[in-house]
Amino acid sequence: MTTSPRSRRDFIREAGVAGLALSTGSLISGCAQSTTPPNIVLIFTDDQGYGDVGVYGAQGFTTPNLDQLASDGMRFTDFYASQAVCSASRVALLTGCYSERVSILGALGPGSRIGLHPEETTIAEMLRNEGYATAIFGKWHLGHREEFLPLKHGFDEYLGLPYSNDMWPVEYSGHPATGGNKANHPPLPLIDGNETVAHIEDLEDQDTLTTRYTERAVDFIRRNHRRPFFLYLPHSMPHVPLGVSDKFRGHSDQGMYGDVIEEIDWSVGEILRELERHSLTENTLVIFTCDNGPWLNFGNHAGSTGGLREGKGTAFEGGPRVPAIMRWPGHIPAGSVCGRMGSTIDILPTISAITGASLPERKIDGVSILPLLEGDETANPRDHFFFYYGRELRGVREGRWKRVYSHRTRSYVGVEPGMDGLPGPYAHPTVPTALYDLENDIAETTDVSATHPEIVRRLDALAEIARETLGDRLTDREGSEVRPPGRREAAPFEGIAHLATGAAVTLTTPPSSQYPGAGTVSLTDGKLASQDHSDGYWLGFEGTDLEATVDLGEVKEIRRIGLDCLRAQGSWIFFPTEVAVAVSTDGSVWEQERRVPVELVRNAPGEKRRIVVEVTPVRARYVRVRARNLGRCPSWHVGDGGKAWLFVDEIIVN
């Protein structure tokens, strides 16, 4: 099915209206046979590969419960997570939006001060408004501070980890972390409601997670079987470090990873049996899918892409294409296979269409795929999909065609993976712009753009729509429809007033549009940024230096000049290699230039640091501060050769 570029633009902008129209008609066919709204069970695994379910070709382990789920329902072959990374994929699932629209990107860490915005509507909020009981048991990863936790976003109950299970002060070896970012992490909390009830302290504690979540999920079904409910079960596994209970340890031929998947399959079986126990099978939609593809540099502790290119952290098929199985007896044809595109962003509007719940007031990107679930072979509700990573639009798909735009990517090709829980390195090639025919080239090996110029033009026009609305860092585009995340403001530092507070600042080179702070005012506003690089105060410079001139307004006596800088090497943010300052009375002739070198420390923990330069007491009106960017990530860093970031905040003059 093809349409004009204008109709596609209209389709994207009016997705919410289209979904609402679908919900009215679908409610009649979907619920006419029952006066009780259908229950929704959504099972979401972490880093499970496309080839890691029996019916998708898994080897070395078995998944009988998932295979039976597929036999009783529908298996999707072309189903996508919004992005191949934790927080971004989860916010897309729960809000029906590309993660770029709601500004939750990457994987939020323990130091993050942002989270899901309170005005965004989740599946849980949408259904709770219809009288559903709602619960999440597992990994949240949309902000760990109380104002961002699940109970603030439509869930009645929560037990789980606030972020990934490797964000703790323990190395992948299981030993306490003594350096790097992990050493700076707090203990990993297990939260019940809003309260920390325990800590996951070692690998043995990781072994308990799948069973803990499953037991609470079964109990939730038992307690709420007489009313409609929404159960969200986002497992922490098989994200490394892997953990598995004794009942499955050593159970599979594959090893630890296979054991973990078999325990997840057991968990699925426990949920299905509890539904059957309460005669809820016929009136429950069960959805099983995953947040992204496998973390391949962990070798035998990672899964399989099933022949797709690359894995987690990329926009090639092995990153965002995930297994997806859905069962709803009497509505979804048993044993069916759907080759049409679908995405996690489509789950919210599909549930809206099934239950009659009102769609969010804010614009979403998902569309109802209920016609696909009902077996309509002529339906094609999702005719295109945008492949983002971070703020970069890396590709677009329409039907069988996928357009990839030149970008620097993480790669698992040509490097030796780690083994037994330890990671290997990444490669970081720059891939060329290309067109792939996924129908004949699922591994994305052959560029066919030269022989299909009309397809190239059509997909490039689609990409322009995404750049206009959602932005694209590759082409330095700001999206007109991007919404901010929820943010915990960093409080001003008491007594931070100094000679330059409120002074005008001129920059030689502007900061990145991705991290602009509050403009140049951020450098002299007397408010200090937190250790969270995305807190809205930091100015970020990607591969470029800072050169700032401060006008004090009048001649003043100056003794020292400081610059607040950030180091977060895991996010490619390094201290400057040196800070240089100079002063002037007229802004033309500069004197007393002083330089302070800054040592580059390998695998250093995150840190804020004020780099202070002493000057001989002098009277001057203008202050010039230069901070030299490292330029490129060093060879020992995961981003070897990529542009390093310089993050600066307050220029302090005393």
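Look above for the structure.
The structure contained in this document is the topic of the report that follows. All of these numbers come straight from a predicted model, not from anything done at the bench.

1. Side note on the sheet that holds strand 17 (residues 434–437)
Phase 1: In space, the four strands of this open sheet follow the order 12-13-14-17, with antiparallel pairing throughout. The open sheet has two free edges, formed respectively by strand 12 (384–389) and strand 17, since each of these has just one partner strand. Strand after strand, the sheet turns through a mean of 20° between neighbouring axes, direction not considered.
Phase 2: Both strand 14 (residues 401–404) and strand 17 contribute to a ladder of four bridges, which runs antiparallel. Residue W401 lies in a different strand from strand 17, and its bridge partner there is D437.
Phase 3: Helix-sheet contacts for helix 12 (residues 453–470) involve strand 12, strand 13 (392–398), strand 14 and strand 17, and the interaxial angle to strand 13 is about 135°.

2. Considerations on the packing of aromatic side chains
Phase 1: Counted according to the given criterion, the structure contains 23 aromatic pairs.
Phase 2: An angle of 50° between the planes, with centres 5.7 Å apart, marks the rings of Y98 and F385 as tilted. Residue Y98 is located in the loop between helix 4 (86–95) and helix 5 (99–102), and its partner F385 is located in strand 12; the two are separated by 287 residues in the primary sequence.
Phase 3: Through a chain of ring-to-ring contacts, the aromatic side chains of F44, W140, F155, F230 and Y232 assemble into a single cluster.

3. A short note on the side chain of S267
Phase 1: Topologically, S267 is positioned in helix 9 (residues 256–277).
Phase 2: Residue classification places S267 among the buried residues on the basis of a relative accessible area of 0%.
Phase 3: A distance of 3.3 Å separates the side chain of S267 from the side chain of H235, its partner in a polar contact.

4. Here's the deal with the environment of L546
Phase 1: By the element assignment, L546 lies in strand 22 (residues 546–567).
Phase 2: Judged by its relative accessible area of 1%, L546 falls in the buried class.
Phase 3: Linking L546 and V268, residues 278 residues apart in sequence, is a C-alpha distance of 53 Å.
Phase 4: Excluding residues within four positions of it along the chain, L546 makes contact with L507, F541, L563, V625, R626, A627, L646 and V648.

5. Overview of helix 12
Phase 1: With 18 residues, helix 12 should cover 26 Å at 1.5 Å per step; its first-to-last C-alpha distance of 25 Å lies within 8% of that length.
Phase 2: G471 occupies a position one or two residues after helix 12 and carries a positive phi of about 85°.

6. Quick look at the nonpolar core
Phase 1: Ranked by size, the top nonpolar core spans 57 residues in total, and within it V41, F137, F229, L231, I271, L275 and F288 carry the most contacts.
Phase 2: Of all the elements in the fold, those that place two or more residues in this core are strand 1 (39–45), helix 3 (64–72), strand 4 (133–137), strand 6 (188–192), helix 8 (209–223), strand 8 (229–234), helix 9 and strand 9 (284–290).
Phase 3: Sort the elements by how many residues they give to this core and helix 9 lands first, with ten residues.
Phase 4: Residues within four places of V41 in sequence aside, it is in contact with F229, L231, I271, L275, T284, L285, V286 and I287.

7. Focus: the pattern of salt bridges
Phase 1: Under the criterion given, the structure shown has 50 salt bridges.
Phase 2: With a shortest N-O distance of 2.7 Å, E119 and R362 are connected by a salt bridge. Note that E119 is positioned in the loop between strand 3 (114–115) and helix 6 (123–128) and R362 in the loop between helix 10 (347–355) and helix 11 (370–373), a separation of 243 residues in sequence.
Phase 3: A residue is classified by how much of its surface remains accessible, and R362, at 23% relative accessible area, is partly exposed.
Phase 4: Residue K402 pairs with E444 through a salt bridge whose shortest N-O separation is 3.0 Å. Taken as a pair, K402 in strand 14 and E444 in the loop between strand 17 and helix 12 lie far apart in primary sequence, 42 residues in all.
Phase 5: Look at E444 and you get buried, because its relative accessible area is 1%.
Phase 6: A single network of salt bridges, built from pairs that share partners, joins E157, D192, R216, D219, R222, R223, E274 and R277.

Thresholds applied
- Residues numbered from 1 in each chain as written.
- Predicted model: local features only at pLDDT ≥ 70, side-chain atom pairs only at ≥ 80, totals over all residues.
- Heavy atoms only, no water.
- Pairing = 2+ DSSP bridges.
- Helix = DSSP H or I, 4+ residues; strand = E, 2+ residues; numbered from the N terminus.
- Axes fitted to C-alpha atoms, helices over the stretch in contact; angles between N-to-C directions.
- Contact = heavy atoms within 4.5 Å.
- Phe/Tyr/Trp six-rings, centres within 6.5 Å; stacked < 30°, edge-to-face > 60°.
- Buried < 20%, exposed > 50% of the residue type's maximum accessible area, 1.4 Å probe, protein only.
- Polar contact = N/O pair within 3.5 Å; in protein donor to acceptor, adjacent residues only side chain to side chain.
- Expected span 1.5 Å × (residues − 1).
- Core = buried A, V, L, I, M, F, W, Y, C linked by side-chain atoms within 4.5 Å.
- Salt bridge = Lys/Arg side-chain N within 4 Å of Asp/Glu carboxyl O.

Treat this as a map of the structure, not an account of what it does.
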